[in-house]
Amino acid sequence: MKKQKTTSKSSLRPRVLVLHGPNLNLLGTREPQHYGSMTLEDINLTLARRAEIAEVDLESFQTNHEGALIERIHAAKKQEVRYIIINPAAWTHTSVAVRDALMAVSIPFIEVHLSNIYAREAFRHHSFFSDLAVGVISGLGHQGYQLALEYLLNKLNTD
Ligand code: DQA
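In this text, all values refer to a predicted model and were calculated from it rather than measured experimentally. (Residues numbered from 1 in each chain as written. Predicted model: local features only at pLDDT ≥ 70, side-chain atom pairs only at ≥ 80, totals over all residues. Heavy atoms only, no water.)

> Which residues make up the site of the ligand, and what are the values?
As a structural note, the neighbourhood of the ligand is formed by Arg30, Tyr35, Asn87, Ala89, Ala90, His93, His113, Leu114, Ser115, Ile117 and Arg124. Between an oxygen atom of the ligand and a side-chain N or O atom of Asn87, the distance comes to 2.8 Å. Contact distances for the ligand include 3.3 Å between an oxygen atom and a backbone N or O atom of Ala90. Burial of the ligand by the surrounding chains reaches 98%, relative to a free accessible area of 320 Å². (Near = heavy atom within 4 Å. Polar contact = N/O pair within 3.5 Å; in protein donor to acceptor, adjacent residues only side chain to side chain. Areas by Shrake-Rupley, 256 points an atom, 1.4 Å probe, with all protein chains shown as cover.)

Set out below in structure tokens:
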């Protein structure tokens, strides 16, 4: 009798989750001098296309609600997400709760900021995430997300 083909966990595509914090849904019109003119939809589309070529499952999620972000991070554990790219936006500077969620699931993540947070107001200089992150990209605009993804694709190939 012919052996039935089963899908093993290892044959599934690796998963990468991109998380965007508050107000990033307004990209394109929001303070373009800091955040550029690309919309969030365009950023997500560029990432999705690149991931597709690499045969990686990439999902993007934006929320203006802290609890929703925390719950999305919890769900990522169950979905066996391998890496997270996160721009926590204003929560970068305020949220112990989002920090704790990332620690709780222990999924490695890259922190991305469109603007250079160290060249701006003093209250933006502290991040609750940077010491936990694999790495931080700040000030390279929308390309920061693409560079973070390139790094992770390379890492997934060598893991
Ligand atoms: C940001 C920088 C944060 O200080 C700010 O609150 C944001 C966006 C960035 O991408 O440059 O909303 O994370």
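> Summarise the nonpolar core; cite the residues concerned and give the values.
Membership of the largest hydrophobic core comes to 25 residues, with the highest contact counts inside it found for Val16, Ile85 and Tyr145. When residues of this core are traced back to their parent elements, those giving at least two are strand S1 (15-20), helix H2 (40-53), strand S3 (83-87), strand S4 (109-113) and helix H5 (143-158). Other than its neighbours up to four places away in sequence, Tyr145 contacts Val18, His20, Leu24, Ile43, Leu47, Ile85, Asn87, Val112 and Leu114. With 18 residues, the next largest nonpolar core counts Ile70, Val98, Ala101 and Leu102 among its residues. (Core = buried A, V, L, I, M, F, W, Y, C linked by side-chain atoms within 4.5 Å. Buried < 20%, exposed > 50% of the residue type's maximum accessible area, 1.4 Å probe, protein only. Helix = DSSP H or I, 4+ residues; strand = E, 2+ residues; numbered from the N terminus. Contact = heavy atoms within 4.5 Å.)

> Can you tell me about the pattern of salt bridges, naming the residues and giving the values?
What the rule picks out here adds up to 10 salt bridges. Between Arg99 and Asp131 there is a salt bridge, with the nearest N and O atoms lying 2.8 Å from each other. Here Arg99, found in helix H4 (residues 96-105), pairs with Asp131, found in the loop between S4 and strand S5 (135-138); they are 32 residues apart in sequence, far enough to count as distant. We classify Arg99 as buried; its relative accessible area is 18%. Of the residues examined, Asp131 reaches a relative accessible area of 55% and is grouped as exposed. Its salt-bridge partner being Lys155, residue Asp159 comes within 3.5 Å of it at the nearest N-O pair. Classification of Asp159 as exposed rests on a relative accessible area of 52%. Taking relative accessible area as the criterion, Lys155 reaches 29% and is therefore assigned partly exposed. A single network of salt bridges, built from pairs that share partners, joins Arg13, Glu52 and Asp57. (Salt bridge = Lys/Arg side-chain N within 4 Å of Asp/Glu carboxyl O.)

> Any chance you could break down unusual backbone geometry for me, citing the residues and the numbers?
In most cases, non-glycine residues show a negative phi, while peptide bonds are predominantly trans. Phi angles above zero are rare outside glycine, and Glu31 is one such case at about 30°. Assignment of secondary structure puts Glu31 in the loop between S1 and helix H1 (32-35). On the basis of relative accessible area, Glu31 is assigned to the partly exposed category, the value being 33%. Non-glycine residue Glu55 carries a positive phi angle of around 60°. As for its placement among the helices and strands, Glu55 is situated in the loop between H2 and strand S2 (57-62).

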